[in-house]
Amino acid sequence: MSENRLDLLYSEVEEELRASVRSLLEDKSPPESVLARVEDDRVADTALWKELAEIGVAGLPVPEERGGAGASLRESAVVAEELGRSVAPVPFMGSAVLATTALLECGDAAAQDVEALAGGASTGTLAVGFARMPGSGFPDTVRESGGTLHGSVGGVVDALTADLLIVPAVDEQGPGLYVVAASDAAVTPVVSLDLTRPVADVALDGAVGRRIATGADAERAVRRALVTGAALLSAEQLGVAQWALDATVDYAKTRTQFGRPIGSFQAVKHRLADLWISVSQARAVVRSAASAAADLREPGAGAAEAEEAEINASLAQAFVSATAVTAAEEALQLHGGVGFTWEHPLHLFLKRAKSDALALGTADRHRLALSGTVDLPAPTG
Amino acid sequence: MSENRLDLLYSEVEEELRASVRSLLEDKSPPESVLARVEDDRVADTALWKELAEIGVAGLPVPEERGGAGASLRESAVVAEELGRSVAPVPFMGSAVLATTALLECGDAAAQDVEALAGGASTGTLAVGFARMPGSGFPDTVRESGGTLHGSVGGVVDALTADLLIVPAVDEQGPGLYVVAASDAAVTPVVSLDLTRPVADVALDGAVGRRIATGADAERAVRRALVTGAALLSAEQLGVAQWALDATVDYAKTRTQFGRPIGSFQAVKHRLADLWISVSQARAVVRSAASAAADLREPGAGAAEAEEAEINASLAQAFVSATAVTAAEEALQLHGGVGFTWEHPLHLFLKRAKSDALALGTADRHRLALSGTVDLPAPTG
Amino acid sequence: MTTDPAGASLDASALRRRVADFVAEHDPATTDQHTFLAARFDAGLAWVHFPEGEGGLGAPRALQPVVDEEFERLGFTPVGREGLVIGLGMAAPTILAFGTPEQRARYLKPLYTGEEIWCQLFSEPGAGSDLAALGTRAVREGDVWTVSGQKVWTSLAHRAQFAILVARTDPDVPKHKGITYFICDMNAEGVDVRALRQITGEAEFNEVYLDDVAIPDSQRVGGEGEGWRVAQTTLMNERVSIGGHPEPREGGLISVAAHLWRERPDVRTPGLHDQLMRLWVAAEAARLTKERLRQQLAIGQPGPEGSAAKYSFSRLNQEISGLELEMLGGEGLTYDDWTFRRPEGVEFSKRAPGFHYLRSKGNSIEGGTTEILRNIIAERVLGLPPEPRTDKDVAFKDLPK
Amino acid sequence: MTTDPAGASLDASALRRRVADFVAEHDPATTDQHTFLAARFDAGLAWVHFPEGEGGLGAPRALQPVVDEEFERLGFTPVGREGLVIGLGMAAPTILAFGTPEQRARYLKPLYTGEEIWCQLFSEPGAGSDLAALGTRAVREGDVWTVSGQKVWTSLAHRAQFAILVARTDPDVPKHKGITYFICDMNAEGVDVRALRQITGEAEFNEVYLDDVAIPDSQRVGGEGEGWRVAQTTLMNERVSIGGHPEPREGGLISVAAHLWRERPDVRTPGLHDQLMRLWVAAEAARLTKERLRQQLAIGQPGPEGSAAKYSFSRLNQEISGLELEMLGGEGLTYDDWTFRRPEGVEFSKRAPGFHYLRSKGNSIEGGTTEILRNIIAERVLGLPPEPRTDKDVAFKDLPK
């Protein structure tokens, strides 16, 4: 396992997976068509998600016997990169990452739900605020009483298209994890800064929930879902950064000012070189985080692997958030006026980058969390 | 007074003062000769200090009736800029700023001492560690008992050449401020990072002290000396930054690589433009800090002026420290290999810049202090 | 020192007296703004450094703030002037410097009173930082120019009566030499104004399509082929616009972040505190720098610090608004309104943090990109040598596009 | 896959076996290092990718780490190799690629065993980043070249027997074309080595003055006028030196700062905590990036990331050592020793924080400035167009100096 954990490269299988996902996305969801969708009330592209599910994207880390691809979170991370690179509005994060990870932690109790999501027949999400920091404790805004759930959760990712809500709720025995049919909940869209990623408020007023985990199991399921989410989000951020870098390098080669391509000016060159360095580093960090998240699902993984996964996820959030935001901001600046227009897709990536930097804990909070784990304590008093 | 406080320009008188100080320094203490001095055991240039004192530099803010120039700390700040610009090894900071400010706060009790320093007949320093943060409370490493002083103070600036030590000491009545003949103390040089500014440890083992202030008066004298020191240090830092910028611009105009002056490369241009902006901003901040420090010595100045002086001094330390360090670091990088050699004077400015950034409180600590004053409290717990 | 017709010298107190006399004759409380401003123009109290008869008294420019402050003190502060920024700030000084007597007589007064709104037809899709690469063509036949091309980033175009316009009149000479400067009637046939939506969702700016627009030669400002030099005056005035009042500490966007920090202990973390304090320090440094520049301008020492101030302001806005979202975390994931609409100016304070973040991205592009401002500082202030240029001596038509 | 003489294919296990056999014959515990290394060279286990008879076996380069690890595992780790960095890292691959059979036979083995130390005579006061501007002249008469000029930043020159040297042999052609590459005997008459003191007080480097130094033509490496191309091989090897082992988390200078933080609660402030964590994160990212590069190199995908790794390393060292001083405050105002002396290598861990700060300033200059590394990334990796060049097609003698 330690061999595997250190592998920061992409395998051939991963490169093949990337190629097929990229080809599908370039074909069905180029940035211009994503831009056209954002004027719709329902930006989420469920047809595209079905096609992605057909090539296995919905259930990569799910064992084959549960309807998945039997791959690992390393492969999920490659898909996340491509989804970031295309800002495709599909419920990958909510359904294939957060909900699926939580469900996989619940064993047989959630077998049917895993299967429903892994095949793409249904989509789901974990009913926590998308900004939630992994280590922030069990959510307590929903309570179970007499078999039904009451309460609300703000800012849930991919809730608008979800069929299943995986709801952390406090019941008599403490933390519990419930599966709720989305049709039993009131799901209200909020105006999202990230045009290509809808978030929604979820209100539960007597919805029936099926309990799939209790106590420490429920806590662990939520925590691991969020840690995995943070790791995979960093892969998406890497994809966003890569798009911004590529688009800007292309633009700098062709845009002429003062009789020269702007990419021949040394200041532009150095900024793009810096960006490339940052993206290269982000890639190593993301691979490490994905590997550590994958190792956590290996048989025999224990506290050491859990700590390693948390360190790597926090490291990735602390590092890659800034990479993606800087890449998108530099892209806008170096595109000049045209990058400030609505008609150019660049702003979709800027909004995604900045929103991702707030999602699942800001870099600031991840640095603070990391400092505790690696024994560099914050000053007291 | 508020008119005066807002004046961020240099007056004609100040420009004349600058010109005469600069001319003297260029004549008597060019960087090359400073570099030659640093191999000496006694780097401090007492002959130069005598000449500076002759043109009034030792007692600028001291009233004429006490042997001074009857000017203000605004003029002192102009001199500090020039001394920074030349890294001249003279005891301006210790004698004309720290000691003189403390003594002026003590009224008639210190009249003779003020006079001795203002005319340049003697030099002095305030016996506190040069790194001491203005708001850090009254020093307690020296105690008075039975008319004599016992204890030690580490890292005192300009102590090696001082005739008089102004020593904060705790006595029966609490804080007290004492004048001690340096010959009665053991002054031991330490190896200083700043080659052109010697610091020394001061040990007092039964030295006779003459008390010039007690209790709150002593506390105020020390605090104001340090606040004034921080403001004036920022002026020195501005001078260091200005030298680094000027030297690098000159170098960039003449050093040819790839068939062009390196200053014609856009990346170099943008970095020097950034530096110029930073130095321009530092100038405004330094003028404001010097004015606020000067206002504190005006008749009728009270708590509001004291707060304003502290805010401005902390602002200046928080801002200008980084300006000077960055300017020196960029200067070294843009000079390439030659800037890394001992024989080029650049390193004197780098060492001064970095040491100044640690002196009288780091930028970090000044930001923290400032946050309390301007009601942006640090998080608790 | 300039002397006024009555023989008294035009110093600050003389001007204060004139303002007082004027206000005594035209009570701000009872005179409508247009009448008041028209009379103020006629009295030479619009721009005191302009010549007599053209809104001024030939007084030193530095005394204008004295006049403005005195009017304010005596109860007159004009309202609704936001739409006049291009007319007052850019068209007026250019027309004064290069316009014919007829042009000055025709345009300055209604421009000052606010009767006529102006916009600026400079930037083009292919000519942003490199304005001299502009491709809009003007062809002369007799006394009429026919202009075709596309302009962009035109604020106020949908409300403007007139535009200052640069167009290429000779493509056979190097690019800086074949440009001419015009006044364009925005109601003329062939002028098509389209809202340009920006990343905030709304449209502050326009694209302007010019399709065989006829401009009489009497609307030319400066000589044929002199347009680049004339435009420099316009642009210089754009970058040096510094207000007449000192700004208070903690003004601008930093106040939004500081307010949030004070009101909401739940957003506070140690790391964000350090970032906030760094930005607070940077904002205060920028404020003092601007104040120092204002003082320099007031005693007639204008410096290139205008470009630096604009650069610092844009960077600060971007960093502060970025931090604001970080402080808010989950709340920052939302936005207020993506509706495609035309706003009345930039309403920063009323908008969501996401708007602050997105809108401020434009600050480092509009009115000269950060890159160009740094070039200006490096070359004009520090005297660093220019880049090797390949586009200066070649006929425009032969340049790579 | 390469096959060895015995017919077995040269894969990792075959090499491990060869090492085991070798160690069985030459007990590391009883064989002196020189003898051991000489035998290892003869056995082709010095650099397995070099040809047979020249220290190698013609095996894939990626297998060298396997051999090194196996030697280590079996108890042999050579000591005192710090002085060989230029010989092993730069001279050897260049001589292998461009040297004559005689040169390879003469130099490679004593270079490998450590008998002969090498230095590099490349940089000059007037030719730093722009190495091709070098002015050291070599004039041929018959079979002997006479070389005069000044070189700088030469580490090890005072201990070296030989140097790799570039000199101008034809000033009448453009600068990249008139350079030739030589091996210079450092004991030859006319070679004057002077210690070059640096800002830390000590002298790691030298200036080397060459005054009519005679170099036989047999010491030329590559053709006349081919020196630029030969030097590229040397420089490429300088920038890609990445160790064979994964580095542990929190290695390098960050460990000094982290240790200080853990041991000394008195230095802790909230602001410094945030800075420390940012640098810790940056250091960990740089470590993982280097590890990823190592993995790429191991499977034979060398990338230009070597330049990036060097850049990141220099920036990190500078920032961490700057922070270290900030943490220490008053203690940071002191230094350990300004004595002008020659150190044995760079002893970071034993020196004061002020030394860390000052010495790391050289990291972004030595071995390619940060500016040049960024140009390399921009042009070679991202494919951005080059700057307009005015110095490429002009005879060297006609260039501005």
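As the structure is a prediction and not an experimental result, all values here were calculated from the model.

Colleague: When you look at the state of the cysteines in this model, what are you seeing that I'm missing?
Modeller: One covalent bond between the sulfur atoms of two cysteine residues makes up a disulfide. Residue and element names in this part refer to chain C. Using the criterion set out here, one finds 0 disulfides over all chains in the structure. Between C184, a cysteine without a disulfide, and C119, which holds the nearest cysteine sulfur, the sulfur-to-sulfur distance is 7.8 Å. Look at C184 and you get buried, because its relative accessible area is 0%.

Colleague: Just to check I follow, could you spell out the nonpolar core for this structure?
Modeller: Generally speaking, soluble globular proteins have nonpolar side chains that are buried together. Counting 335 residues, the largest nonpolar core has L177 of chain A together with L177 of chain B as the members making the most contacts within it. L15, V19, W118 and F182 of chain C belong to the second largest nonpolar core, which has 71 residues in total.

Colleague: Please explain the domain arrangement of chain C as it appears in this structure.
Modeller: One frequent convention defines the size of an interface as the accessible area lost when the parts assemble. What the domain assignment lists for chain C is domain 1 (13–79), domain 2 (118–231) and domain 3 (244–382). Look at where the C-alpha atoms of domain 1 of chain C and domain 3 of chain C centre, and you get two points 32 Å apart.

Colleague: Is there a simple way to explain the pattern of salt bridges in this structure?
Modeller: Charged atoms that come close allow side chains of opposite charge to pair. This structure, assessed with the given rule, holds 135 salt bridges over all chains. Residue D42 of chain C is joined to K109 of chain C by a salt bridge in which the shortest nitrogen-to-oxygen separation is 3.0 Å. Highlighted residues: D42 of chain C in helix α2 (residues 33–42) and K109 of chain C in helix α5 (residues 101–113), separated in sequence by 67 residues. Of the residues examined, D42 of chain C reaches a relative accessible area of 51% and is grouped as exposed. Residue classification places K109 of chain C among the partly exposed positions, given a relative accessible area of 27%. A salt bridge links E284 of chain D to R287 of chain D; the shortest N-O distance between them is 2.8 Å. Here R287 of chain D and E284 of chain D lie together in helix α8 (residues 270–298), a separation of 3 residues that amounts to about one turn. With a relative accessible area of 3%, E284 of chain D lands in the buried category. Several salt bridges converge on common partners, so that one network encompasses E15, R18, R22, E26, E81, E82, R85 and R283 of chain B.

Colleague: What am I meant to see in empty space enclosed by the protein here?
Modeller: One simple way to see leftover space: roll a probe sized like a water molecule over the atoms. All names here are of chain A. In this structure the tally under the stated criterion is 8 cavities of 30 Å³ or more. In this structure, the second largest cavity spans a volume of roughly 150 Å³. By residue class, the composition of the lining of the second largest cavity is 11 nonpolar, 2 polar and 5 charged. Viewed by domain, the lining of the second largest cavity spans two of them, domain 1 (12–123) and domain 2 (125–217), each represented by three or more residues.

Colleague: Sorry if this is basic, but what is going on with the UniProt feature "domain: Acyl-CoA dehydrogenase/oxidase N-terminal" (unreviewed entry) in chain C here?
Modeller: In the numbering adopted here, UniProt assigns the feature "domain: Acyl-CoA dehydrogenase/oxidase N-terminal" (unreviewed entry) to residues 15–115 of chain C. The span residues 15–115 of chain C is 57% helical and 0% strand by assignment, and the distance between its end C-alpha atoms comes to 26 Å.

Colleague: Hey, could you run me through helix α1 (residues 12–25) of chain C in this one?
Modeller: Two residues of an α-helix separated by three or four positions point the same way, owing to the 3.6 residues in each turn. All names here are of chain C. Between the first and last C-alpha of α1 there are 20 Å, a value that for 14 residues agrees with the 20 Å anticipated at 1.5 Å per step. Turning to α1, its buried residues are A14, L15, V19, F22 and V23. Looking at the packing, one finds that the buried side of α1 touches α2 and α3 (64–73).

Colleague: Any chance you could explain the domain arrangement of chain A here in plain terms?
Modeller: All names here are of chain A. Domain annotation for chain A reports domain 1 (12–123), domain 2 (125–217) and domain 3 (219–374). Relative to domain 2, the C-alpha centre of domain 1 lies at a distance of 21 Å. Counting the surface lost from both domain 1 and domain 2, the interface buries some 1,800 Å², and carbon and sulfur atoms represent 65% of this. At the boundary of domain 1 with domain 2, the tally comes to 1 salt bridge. R210 serves as the salt-bridge partner of D113, at 2.6 Å between the closest nitrogen and oxygen. For the interface between domain 1 and domain 2, the tally reads 6 residue pairs in polar contact (both at pLDDT 80 or more). If you list the elements that add at least two residues to the side of domain 1 that touches domain 2, you get α6 (92–104) and α7 (111–118).

Colleague: Is there a simple way to think about helix α7 (residues 253–263) of chain C in this case?
Modeller: Those residues of α7 of chain C lying buried are L253, I254, A257, A258, L260 and W261 of chain C. One side of α7 of chain C holds all its buried residues, which, seen down the axis, span an arc of 155°.

Colleague: What is the right way to look at the UniProt feature "domain: Acyl-CoA dehydrogenase/oxidase C-terminal" (unreviewed entry) in chain A in this model?
Modeller: UniProt records the feature "domain: Acyl-CoA dehydrogenase/oxidase C-terminal" (unreviewed entry) at residues 222–369 of chain A, using the numbering of this structure. A distance of 17 Å separates the end C-alpha atoms of residues 222–369 of chain A, which is 78% helix and 3% strand.

Colleague: Any chance you could explain the UniProt feature "domain: Acyl-CoA dehydrogenase/oxidase N-terminal" (unreviewed entry) in chain A here in plain terms?
Modeller: The positions that UniProt labels "domain: Acyl-CoA dehydrogenase/oxidase N-terminal" (unreviewed entry) are, in the present scheme, residues 12–111 of chain A. Secondary structure across residues 12–111 of chain A comprises 61% helix and 0% strand; the distance between its end C-alpha atoms is 30 Å.

Colleague: Got a minute to help me understand the interface of chain B and chain C in this structure?
Modeller: Across the boundary between the two partners, chain B contributes 45 residues, which contact 43 residues of chain C. Summed over both partners, the interface of chain B with chain C comes to about 3,800 Å²; 68% of that surface belongs to carbon and sulfur atoms. Per-residue buried area on chain B facing chain C is highest for W276, R367 and L376 of chain B; these three make up 18% of the total on that side. Linking chain B to chain C there are 6 salt bridges.

Colleague: Would you mind going over the side chain of Q333 of chain B with me for this structure?
Modeller: Here Q333 of chain B shows up in helix α10 (residues 303–335). Overall, the relative accessible area of 10% leaves Q333 of chain B in the buried class. In this structure the side chain of Q333 of chain B is engaged in a polar contact, spanning 2.5 Å, whose partner is the side chain of S364 of chain D. With residues near it in sequence (within four places) discarded, Q333 of chain B still touches R271 of chain B together with K361, S364, I365, T369, T370 and E371 of chain D.

Colleague: Mind showing me how you'd approach the interface of chain C and chain A here?
Modeller: Across the contact, 51 residues belong to chain C and 40 residues belong to chain A. Contact between chain C and chain A buries roughly 3,700 Å² in total, counting both sides, with carbon and sulfur atoms accounting for 61%. Sorting the residues of chain C by area buried against chain A places I199, L333 and W338 of chain C first, and these three jointly supply 19% of that buried surface. Taken together, chain C and chain A are joined by 5 salt bridges. R271 of chain A serves as the salt-bridge partner of E371 of chain C, at 2.6 Å between the closest nitrogen and oxygen. On inspection of chain C and its partner chain A, the count reaches 22 residue pairs in polar contact (both at pLDDT 80 or more).

The rules behind the values
- Residues numbered from 1 in each chain as written.
- Chains lettered and ligands numbered in written order.
- Predicted model: local features only at pLDDT ≥ 70, side-chain atom pairs only at ≥ 80, totals over all residues.
- Heavy atoms only, no water.
- Disulfide = S-S within 2.5 Å.
- Buried < 20%, exposed > 50% of the residue type's maximum accessible area, 1.4 Å probe, protein only.
- Core = buried A, V, L, I, M, F, W, Y, C linked by side-chain atoms within 4.5 Å.
- Domains from an automatic or database assignment.
- Salt bridge = Lys/Arg side-chain N within 4 Å of Asp/Glu carboxyl O.
- Helix = DSSP H or I, 4+ residues; strand = E, 2+ residues; numbered from the N terminus.
- 1 Å grid on protein atoms, 1.4 Å probe; cavity = no way out; pocket = protein on both sides within 12 Å on 5 of 7 lines; lining within 4 Å.
- Points joined across faces, edges and corners; volume = space filled by probe spheres on them.
- Nonpolar A, V, L, I, M, F, W, Y, C, P; charged D, E, K, R; others polar.
- UniProt positions renumbered as here; feature names shortened; annotations may be inferred.
- Expected span 1.5 Å × (residues − 1).
- Contact = heavy atoms within 4.5 Å.
- Buried area = accessible area lost by both parts, 1.4 Å probe.
- Polar contact = N/O pair within 3.5 Å; in protein donor to acceptor, adjacent residues only side chain to side chain.
- Arc of directions from axis to C-beta.

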